[in-house]
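A structural walkthrough
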Amino acid sequence: MRLNASHLEKMRIVGYAANSLTSRYYDVLRTQILQDMDKNGWQFLAITSPTPNCGKTVTACNLAMSVARLPEREVLLVDMDMHKAQVSEYLGINHSNNLLSVLEDRASLGDSCVEAKFGPESVSVLPGTPARDGAAEWMASQTMANVLQAIKREFRSGIVIFDLPPLLLGSDVLSILPRMDAVLLVTGVGTTTPNEIKECQKHLQRSHLVRVVVNKVSETSESYYGYGYS
Ligand SMILES: Nc1ncnc2c1ncn2[C@@H]1O[C@H](COP(=O)(O)OP(=O)(O)OP(=O)(O)O)[C@@H](O)[C@H]1O
Ligand SMILES: [Mg+2]
């Protein structure tokens, strides 16, 4: 299906356009992350944050589009936030199957992914849906491990970006981290405290933390932080 540019813009998804200032931030981030991932032969990138509302989903969608704009790059975006699945809403996708359909064996992986087209490019998306009380159990399950194996097999030639729940809420992310190759931590200015970042670093000791994104940097605070992907 073809994505609607004005809907994307409303949702702060700017990664489809190569020439906007904000999409250039994502292009720099993409280039740095892909260099690390290629060098190490990594395929699975997890996106998480200390607490909710830091900008994980916006970052995941923008980054996926930025990767897709590169020649000869394929990307699969998986909505693995089984508490607050919002990738479909942000991209404006309407698809009947999703990650839970695959986990519950109601649909195949291929039938559950949707090709989201923008300009001459496209991103494969495996949408999510809330699993209510079962989210933590699904994340820790052998079934999820099998689905990840299937993704690895069927999507051999591309990068897979996972939009995860917040790291410091519950056990969801901790269960899945060992199956990820690299982690991108999205923090929010005015949302994330230094203690929360320290707490995350403790949990991420055995993971490859490729970047920490300082998100929601306004023009006035940008010079203070010196960097940041606004
Ligand atoms: N760089 C930014 N500047 C301003 N607002 C932003 C920025 N990035 C995201 N937002 C806004 O912040 C809100 C949260 O963003 P998003 O949904 O991506 O966060 P999240 O970490 O995925 O949240 P959740 O934990 O609820 O899944 C949204 O309303 C989004 O539009
Ligand atoms: Mg989200």
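Just above sits the structure.
Parameters and conventions
Residues numbered from 1 in each chain as written. Chains lettered and ligands numbered in written order. Predicted model: local features only at pLDDT ≥ 70, side-chain atom pairs only at ≥ 80, totals over all residues. Heavy atoms only, no water. Helix = DSSP H or I, 4+ residues; strand = E, 2+ residues; numbered from the N terminus. Buried < 20%, exposed > 50% of the residue type's maximum accessible area, 1.4 Å probe, protein only. Lys, Arg positive; Asp, Glu negative; His and termini not counted. Salt bridge = Lys/Arg side-chain N within 4 Å of Asp/Glu carboxyl O. Contact = heavy atoms within 4.5 Å. Near = heavy atom within 4 Å. Polar contact = N/O pair within 3.5 Å; in protein donor to acceptor, adjacent residues only side chain to side chain. Areas by Shrake-Rupley, 256 points an atom, 1.4 Å probe, with all protein chains shown as cover. Core = buried A, V, L, I, M, F, W, Y, C linked by side-chain atoms within 4.5 Å. Pairing = 2+ DSSP bridges. 1 Å grid on protein atoms, 1.4 Å probe; cavity = no way out; pocket = protein on both sides within 12 Å on 5 of 7 lines; lining within 4 Å. Points joined across faces, edges and corners; volume = space filled by probe spheres on them.

**Concerning the side chain of aspartate 163**
Structurally, the position occupied by aspartate 163 is in strand S5 (residues 159-163). One buried charged residue, aspartate 163, forms no salt bridge at all, with the nearest opposite charge on lysine 56 at 5.8 Å. Once you skip the residues sitting within four places of it in the chain, aspartate 163 turns out to touch Ile47, Lys56, Thr57, Ala60, Val78, Asp79, Met80, Asp81 and Val87.

**What about the environment of glutamine 149?**
Among the structural elements, glutamine 149 can be located in helix H8 (residues 142-154). Residue classification places glutamine 149 among the partly exposed residues on the basis of a relative accessible area of 48%. Placed 29 residues apart in sequence, glutamine 149 and proline 178 show a C-alpha to C-alpha distance of 13 Å.

**Description of the site of ligand 1**
Looking at ligand 1, there are 16 residues lining it, with Lys56, Thr57, Lys84, Tyr90 and Asn215 nearest. Within the side chain of threonine 57, a nitrogen or oxygen atom sits 2.8 Å from an oxygen atom of ligand 1. Between ligand 1 and the protein, one listed contact pairs an oxygen atom with a backbone N or O atom of valine 58 at 2.9 Å. For ligand 1, whose accessible area on its own is 630 Å², the fraction buried by protein is 83%.

**Thoughts on the nonpolar core**
Among the nonpolar cores identified, the biggest contains 40 residues, and Leu45, Leu77, Leu91, Val123 and Ile161 are the most heavily contacted of them. With 8 residues, helix H3 (residues 56-68) is the largest single contributor of residues to this core. The residues contacting valine 123, other than those within four sequence positions of it, are Ala64, Met65, Ala68, Val75, Leu77, Val114, Glu115, Ala116 and Phe118. In this structure, Leu99, Ala135, Met180 and Leu185 belong to the second largest nonpolar core, which totals 33 residues.

**Some points on the pairing of strand S2 (residues 75-79)**
With respect to burial, S2 is a largely interior element, 5 of its 5 residues being buried. Here S2 shows two buried faces, one formed by Val75, Leu77 and Asp79 and the other by Leu76 and Val78. As judged from the 5 bridges shared by S2 and S5, these two strands associate in the parallel manner. Residue pairing across strands places leucine 77 opposite isoleucine 161, the latter belonging to S5. Alignment of S2 against strand S4 (residues 121-126), held across 3 bridges, turns out to be parallel. In the sheet register, valine 78 faces S4, and the bridge partner there is leucine 126.

**What to know about empty space enclosed by the protein**
According to the stated counting rule, one finds 1 cavity of 30 Å³ or more in the structure shown. For the largest cavity, the calculated volume is near 40 Å³. Considering the residues around the largest cavity, the lining is formed by Arg30, Ile33, Leu34, Met37, Leu45, Leu63, Val67, Ile159 and Ile161. Looking at the lining of the largest cavity, the elements that each hand over two or more residues are helix H2 (21-40), H3 and S5. It is H2 that provides the largest number of residues to the lining of the largest cavity, a total of 4 residues.

**Quick notes on the pattern of salt bridges**
Taken as a whole, this structure holds 7 salt bridges when the rule is applied. Between arginine 69 and aspartate 27 there is a salt bridge whose closest N-O contact spans 2.8 Å. Separated by 42 residues along the polypeptide, arginine 69 in the loop between H3 and S2 and aspartate 27 in helix H2 bring together distant segments of the chain. Of the two residues examined, arginine 69 and aspartate 27, each falls in the buried class. Residue glutamate 104 is joined to arginine 106 by a salt bridge in which the shortest nitrogen-to-oxygen separation is 2.8 Å. One network of salt bridges, with partners in common, ties together Asp27, Arg30 and Arg69.

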